[in-house]
Each structure stands twice: as C-alpha cells, then as structure tokens.
Amino acid sequence: MFKKFSFFNRAFLKNALLLILSPKLFFNQGHIPPKNHKIPNHFFGLSLTIEDLIEDPIGVVEMCRQHKIRDITLLIPSNRISEFSPTFMDDLIGHDIKFNLKLVLIDQEDIYLHWRELLDLTLLGYQKQIASIEIEITNFSQQSLYAFLNIWTMTFNIARLKKIKVAGPSIPAFSPFFNDMVFKLLKDKYQLPDIHTINLTNEMDKEPELMYSNFLIPKLGKLFKFNLIKKLALIQRIAESFNIKTIYGAIELKRHEITSYTLRAISLLIASGRLTKLYLPYRNAEGILFLMDRMEGMTYLGALFNDMPFEIHHFKNDKEQMHAIWARDDKTLNPESFYHIEDIYAAKIYDSHGDIIDRTQFKITDTPIYLVWRSMDPIIFIDTPKALDLNVTNIMALS
C-alpha cells in the first residue's frame, strides 16, 4: 500500500496515525451486528450495466415491476461513456423509478468534456428522474486522485445547480484512511457528498465473516476485530464525522454468478444496520430476489450465536419470522443439533435460490438457507447444540 501512496506518504501516514489514535476505532463489540433495527422499505436497489440495458431491457423492466424495485444505479465506465445513452431509461420511467448515474473512473484518459456532454444531455431530458450522481474512484495513485477531484468539482457544481444529490467516492476496497483523507480534501473545497457510497464487490471474494488481517499494518485488523460488520461501523463513523448521514452500498459482480459468499455477505450487510440502501446486481439474481422480497420492512433482532463457526440471524415482521443460517469453514451441520424437531416441521425451509426444500433432508452448509415461521410461533433452541463444543454464554435467547 505504501508504494501506491508514495506521492503523499507523509501526509497519508500522518492522517492514518491521527485516525488510529482517534476514538473512531474503538467501540465495544463493534464486530457483532446491533440488535433491533428495522430494515427500511425500498432498502434494495438494482445495479445495471450497459450490457444489462442493451441485452435485456424487457427483463429489467419486468424484474423492477415484479419486485417493486424503485431505485436503480446506472454504471457508466469512464472508457465507455460513448456507449451510454439516456434513452436507456425510457422503458423504466413509467415505473416510478429514480436513477443514480454512476461514473466509474477506470483509467487516466481525459474524459472531462465527454462526461460534461453526457450530463448535460441526460439532465436536459431526464432531470426529474435523476436522484443522484455518483463518482467512483478505483485507483489509489496520485494521477487517479487528481482526475477524481477534477471530475468531482465539475459534477458537484452541476448537481448543486440542478438540485441533485452527489454521491461518492465509492472506493472498491476497505480503506478507511483513504476515505478519511478524500473527505478532508473535499471538505476543504466545500464539496462533501450528500451520500457516502461504498463499493463492496471485493468483499465477495472471501468468507465475509472473517476478521480483516491487514489494516494499514499486518495483524492490526485482527487486533481491532475488523470483520465486515465492524468495517461498516467504522465507515459510518468516518462519514458522520463529516456530517454525512446517508450511506449506500453496492455489489457489482465481477463474474456472472452469485456465490454463497455473496448471499452470506448480503445478510450481514442488512444485519449491520449501517446502510441506508444496498444496490445489488441484476444477473443470476434468484437468491438475491428472495432476500429483496422477504427482508424489506423486517426488524433485525440479532445474531443468535456470536463468535462461532456458523451464523444464525433472526429477522421478524408482523406476519413471519426468519432465520438466515449457514456454516463456515466448509462445515456441514445437522439442523437437529440446533432446533427441536417440532420446530423444524413447523418451518417453511428455503434454499439459497428461494425454493422450498424438503425439511427431512436439508443440512446446514456454507450456503445460506432460510427457515420461516409465523411471527407468533415461539422458537426454542436446544440449550447446548448437540455434537458441538460451544460456550453457552455465547447463545442469545430468542425474544
């Protein structure tokens, strides 16, 4: 990392040291998701690529209609600005959808005039449908930072003139020190964003529950217990220190697949309670759509076990309650080690695609499954799950 920041090592390290010494890094049990928070309605949005809009516009419209999606991010890579047309939005406008235009700065090519032209053209005909404009920085080099600040200033001024919100910087890695520094630069220019955005795609490449080991220096992340939950808590603290109250997350697939890590991460992102909105990919989204339809408006009651090689997260609304459950480290567990048999038979059990599965045959693996009961049904855990060496003090009673 230091080589990437060689052009301002001194300033960066000074800023990082101040952040490490600040109270922002220290909060009790920050690696455990907070209990009892409601998932907002319209919490989920959709991230659409240029390919999605060109190859399957009817499918996009139908998905938004069926699943009541009202927020869409349109991804515009800086090296493909000429391929994007504002008319891509035409089929979606009649469905009460608001758009976030997202410019992703890919390379060092001078795109200032091209981006300005596209903004002017888009806002001329579609201003009422544009809720926000976002700029994503994808590289930590000096040249990339200067390019970002240049594009940001122009975009910020246009957005303020048109009374449209500005979002960013959507750094595609966990780098709180860089986030903090970028916000300080923007604050000095009176150009802080209205919405802090985070690109969470890289979090899908590993078990999302793992402690983050390298945090500026090796082992520091484990010392501070930085997993995905605590990363988001720190990002929120940094944003709030600049009076930014709204945080949007986004997952954009590198491959055309949704992995078990992706689904696990989505449940944890919801459980974190730190995000105002989460944009999810369009392709191969069966399991994602199940979560969209089920979880919006639910209350997250908490993790039923903490610091264990498995996860059980409890969600509830007036009609039903749901456990999202999976094992870690490629383990396979018997559900009867956790649940009484009568509770298993009372549940509807869904696989990771949202399809009903046979309650007599399912196992708990590294791919999430979802157990759903009526909201009023009492679910009683076995006190100490069988065949597992667990500490009873880590078990939270169901409310």
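On a predicted model such as this, the values are computed, not experimentally measured, just so you know.

A. Molecular detail of the overall build of the protein chain. The number of helices and strands found in the protein chain is twelve helices and 14 strands. Per-residue burial for the protein chain yields a buried fraction of 55% across its 399 residues. For the protein chain, long-range pairs separated by at least 24 residues make up 77% of all intrachain contacts whose partners lie at least 6 apart in sequence. Total accessible area on the protein chain stands at roughly 18100 Å², and carbon and sulfur atoms take up 51% of it.

B. Just the pattern of salt bridges, in detail. As enumerated under the stated definition, the model contains 20 salt bridges in all. With its nearest N and O atoms 3.2 Å apart, the salt bridge here joins Asp120 to Arg116. One end of the pair, Asp120, and the other, Arg116, are both in helix H5 (residues 112–126), four residues apart, so they sit about a helical turn from each other. Taking the shortest distance from any N to any O, the salt bridge between Lys184 and Asp180 comes out at 3.4 Å. Placement of the pair is Lys184 and Asp180 together in helix H7 (residues 176–188), with a separation of four residues, close to one helical turn. The exposure class assigned to Lys184 is partly exposed, which follows from its relative accessible area of 32%.

C. Structural view of unusual backbone geometry. Look at the link from Gly168 to Pro169: it is a cis peptide, with omega at -5°. For Pro169, the location among the structural elements is in strand E6 (residues 165–169). Of note in this structure, Asn36 is not a glycine but carries a positive phi near 60°. Take Asn36: it is sitting in the loop between helix H1 (9–21) and strand E1 (37–38). The phi angle at Lys163 is positive, at roughly 60°, despite the residue not being glycine. With respect to the helices and strands, Lys163 occurs in the loop between helix H6 (142–162) and E6.

D. Geometry of the sheet that holds strand E2 (residues 44–48). Here we have eight strands rolled up into a closed barrel, ordered E2-E3-E4-E5-E6-E7-E8-E9, and parallel in their pairing. Direction aside, the axes of adjacent strands within the sheet are offset by 25° on average. Bridge analysis of strand E5 (residues 130–137) against E6 gives three bridges, and the strand direction is parallel. Counterpart to Glu134 in the pairing with E6 is Ala167. Sitting on the sheet, H5 touches strand E3 (71–77), strand E4 (98–105) and E5, and the angle it makes with E5 is about 165°. Contacts from helix H11 (residues 286–295) reach E2 and strand E9 (277–281) within the one sheet, and its direction differs from that of E2 by about 150°.

E. Quick look at the sheet that holds strand E12 (residues 320–327). Overall, antiparallel pairing links the six strands, which are arranged E1-E10-E11-E12-E14-E13 in an open sheet. A strand with exactly one partner marks an edge of an open sheet, and here the two such strands are E1 and strand E13 (348–350). With six bridges joining them, E12 and strand E14 (residues 369–374) adopt antiparallel strand pairing. Bridge assignment links Glu320 to a residue of E14, and that residue is Arg374. Of the strands in this sheet, strand E11 (310–316), E12, E13 and E14 are in contact with H11, which crosses E12 at around 145°.

F. Looking closely at the environment of Leu269. You can see Leu269 is positioned in helix H10 (residues 260–272). Each C-alpha atom of the pair Leu269 and Pro33 lies 9.1 Å from the other, and the pair is 236 residues apart in sequence.

G. Focus on the confidence of the model for the protein chain. Per-residue pLDDT for the protein chain averages 86, and the proportion of residues at 70 or more is 88%. Below a pLDDT of 50 lies the segment residues 1–8, which in the model reaches 17 contacts outside its immediate sequence neighbourhood of four places, other chains included. In the model, residues 387–399 has pLDDT below 50 throughout and makes 29 contacts with residues more than four positions away in sequence or in other chains.

H. Looking closely at the packing of aromatic side chains. Considering all chains together, one arrives at twelve aromatic pairs under this definition. For the ring pair Phe43 and Phe44, a centre distance of 5.1 Å and an interplane angle of 85° mean the geometry is edge-to-face. Phe44 matches Phe43 in its accessibility class, with the two residues each being buried. Taking 5.4 Å as the distance between ring centres and 40° as the angle between the ring planes, the aromatic pair formed by Phe148 and Trp152 counts as tilted. With a gap of four residues between them, Phe148 and Trp152 both fall in helix H6, about one helical turn apart. By the burial criterion, Phe148 is buried, and Trp152 matches it. Three or more aromatic residues joined by ring pairs form one cluster here, namely Phe290, Tyr350 and Tyr370. Here the basic side chain of Lys230 rests over the ring of Phe226, its NZ or CZ set 5.1 Å away from the ring centre.

I. Quick peek at the pairing of E14. A large share of E14 lies buried, amounting to five of its six residues. Summarising the sheet, E13 and E14 pair through three bridges and their orientation is antiparallel. If you follow Ile349 over to E14, its bridge partner there is Leu371.

What counts, and at which threshold
- Residues numbered from 1 in each chain as written.
- Predicted model: local features only at pLDDT ≥ 70, side-chain atom pairs only at ≥ 80, totals over all residues.
- Heavy atoms only, no water.
- Helix = DSSP H or I, 4+ residues; strand = E, 2+ residues; numbered from the N terminus.
- Buried < 20%, exposed > 50% of the residue type's maximum accessible area, 1.4 Å probe, protein only.
- Contact = heavy atoms within 4.5 Å.
- Areas by Shrake-Rupley, 256 points an atom, 1.4 Å probe, with all protein chains shown as cover.
- Salt bridge = Lys/Arg side-chain N within 4 Å of Asp/Glu carboxyl O.
- Pairing = 2+ DSSP bridges.
- Axes fitted to C-alpha atoms, helices over the stretch in contact; angles between N-to-C directions.
- pLDDT = per-residue confidence, 0-100.
- Phe/Tyr/Trp six-rings, centres within 6.5 Å; stacked < 30°, edge-to-face > 60°.
- Lys NZ or Arg CZ within 6 Å of the ring centre and 35° of its normal.

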